[in-house]
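# A structural walkthrough
These are the residues of each chain, in order.
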Amino acid sequence: MPANIFVSYDHDDQKQVGAFKLLKHNPNYPLDFYDHSLKDPVLGPSGKPIKFPPSDPRSKSVRDVIKKKFDRASKLVVLIGDNTHTSEWVEWEINTFYDMKKETSGDNTWKRIRGMTLKGSSAATIPIALGERSTKVLAWDPETLDKWLDLDPDA
């Protein structure tokens, strides 16, 4: 049964992340998941995307939409590019997902989060929030990621 995931990434890596999400439709890759990530940016009253950092009160509507997505996701996949470690949103997503899932998973919450470097970003810096809050970060390896997606995080 496909895992319900939320994919966290730095906006600058959107093209590579799109290619990653397409892998689930490629018969040469075993990846199988339901993606609960944002498909489109959250728009403000002006009709333009809200681009404030998560700490800014004006980004509350974005945070609320993401939290609803987290409710449906059982795992968080963090795709790591060269500058992902500088993204305030990625840090917020990791910390918030962890805190939300801690209620149900307790000491096993870290099993619900996994980082994987994007192809060509093997020397990328790992986001600080992944530290003690995730399984081992993978180099680009969709097959191993798929095996992890199949594991019960609460076992």
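See the structure above.
Below is a summary of the structure that appears in this document. (Residues numbered from 1 in each chain as written. Predicted model: local features only at pLDDT ≥ 70, side-chain atom pairs only at ≥ 80, totals over all residues. Heavy atoms only, no water.)

Two elements in contact, helix α2 (residues 60-72) and helix α3 (residues 88-105), have axes separated by 11 Å at closest approach and are oriented at 45°. Our classification of the angle between α2 and α3 gives oblique. As α2 runs across α3, the sense of the crossing is right-handed. Counted together, V62, R63, I66, K67, F70 and D71 of α2 and W89, W92, E93, T96, F97, M100 and K101 of α3 form the full contact between these two elements. Each residue belonging to the contact of α2 with α3 can be placed in one class, and the counts come to 7 nonpolar, 1 polar and 5 charged. (Axes fitted to C-alpha atoms, helices over the stretch in contact; angles between N-to-C directions. Helix = DSSP H or I, 4+ residues; strand = E, 2+ residues; numbered from the N terminus. Parallel < 35°, antiparallel > 145°, perpendicular 65-115°, else oblique. Left-handed = near helix turned anticlockwise from the far one by under 90°. Contact = heavy atoms within 4.5 Å. Nonpolar A, V, L, I, M, F, W, Y, C, P; charged D, E, K, R; others polar.)

Before going further, it helps to spend a moment on the sheet that holds strand β3 (residues 75-80). Here we have 4 strands laid out as an open sheet, ordered β2-β1-β3-β4, and parallel in their pairing. If you trace the sheet from one side to the other, it starts and ends with β2 (33-35) and β4 (113-117), each paired once. Neighbour to neighbour, the strand axes of the sheet diverge by 35° on average, direction disregarded. As defined by bridge partners, β3 adjoins β4 across 5 bridges and the pair is classed as parallel. Pairing of V77 across the sheet is with R114, part of β4. Strand contacts of α3: β1 (3-8), β3 and β4, with the helix running at about 160° to β3, the strand carrying the most contacts. Along the sheet, helix α4 (residues 142-149) contacts β1, β2, β3 and β4; its crossing angle with β3, the most-contacted strand, is approximately 165°. (Pairing = 2+ DSSP bridges.)

The subject of this paragraph is the packing of aromatic side chains. Aromatic rings considered in pairs are described by the distance between their centres and by the relative angle of their planes. Overall, the coordinates contain 6 aromatic pairs when judged by the stated rule. Ring centres of F70 and W92 lie 6.4 Å apart, and the angle between their planes is 25°; this geometry places the pair in the stacked category. Here F70 is found in helix α2, whereas its partner W92 is found in helix α3, with 22 residues between them in sequence. Residue W92 is classed as buried on the basis of its relative accessible area, which comes to 15%. Between the aromatic rings of F70 and F97, the centroid separation amounts to 5.2 Å while the plane-to-plane angle is 85°, which identifies the pairing as edge-to-face. (Phe/Tyr/Trp six-rings, centres within 6.5 Å; stacked < 30°, edge-to-face > 60°. Buried < 20%, exposed > 50% of the residue type's maximum accessible area, 1.4 Å probe, protein only.)

L76, V78, I94 and I113 are the most contacted members of the largest nonpolar core, which has 19 residues in total. Elements represented by at least two residues in this core include exactly α2, β3 and α3. If one sorts the elements of this core by residue count, α3 sits on top with 5 residues. Non-local contacts of I94, meaning those with residues more than four positions away in its chain, are made with L76, V78, I113, P127, A129 and L130. Counting residues in hydrophobic clusters, the runner-up holds 17 residues, among them I5, F33, V77 and M116. (Core = buried A, V, L, I, M, F, W, Y, C linked by side-chain atoms within 4.5 Å.)

A few words on the pattern of salt bridges. Counted under the stated rule, the structure contains 5 salt bridges. Between K60 and D64 there is a salt bridge; the shortest N-O distance is 2.6 Å. Here D64 and K60 lie together in helix α2, a separation of 4 residues that amounts to about one turn. Classification of K60 as partly exposed rests on a relative accessible area of 44%. Residue D64 is classed as partly exposed on the basis of its relative accessible area of 29%. (Salt bridge = Lys/Arg side-chain N within 4 Å of Asp/Glu carboxyl O.)

Keep in mind these values describe shape, not function.
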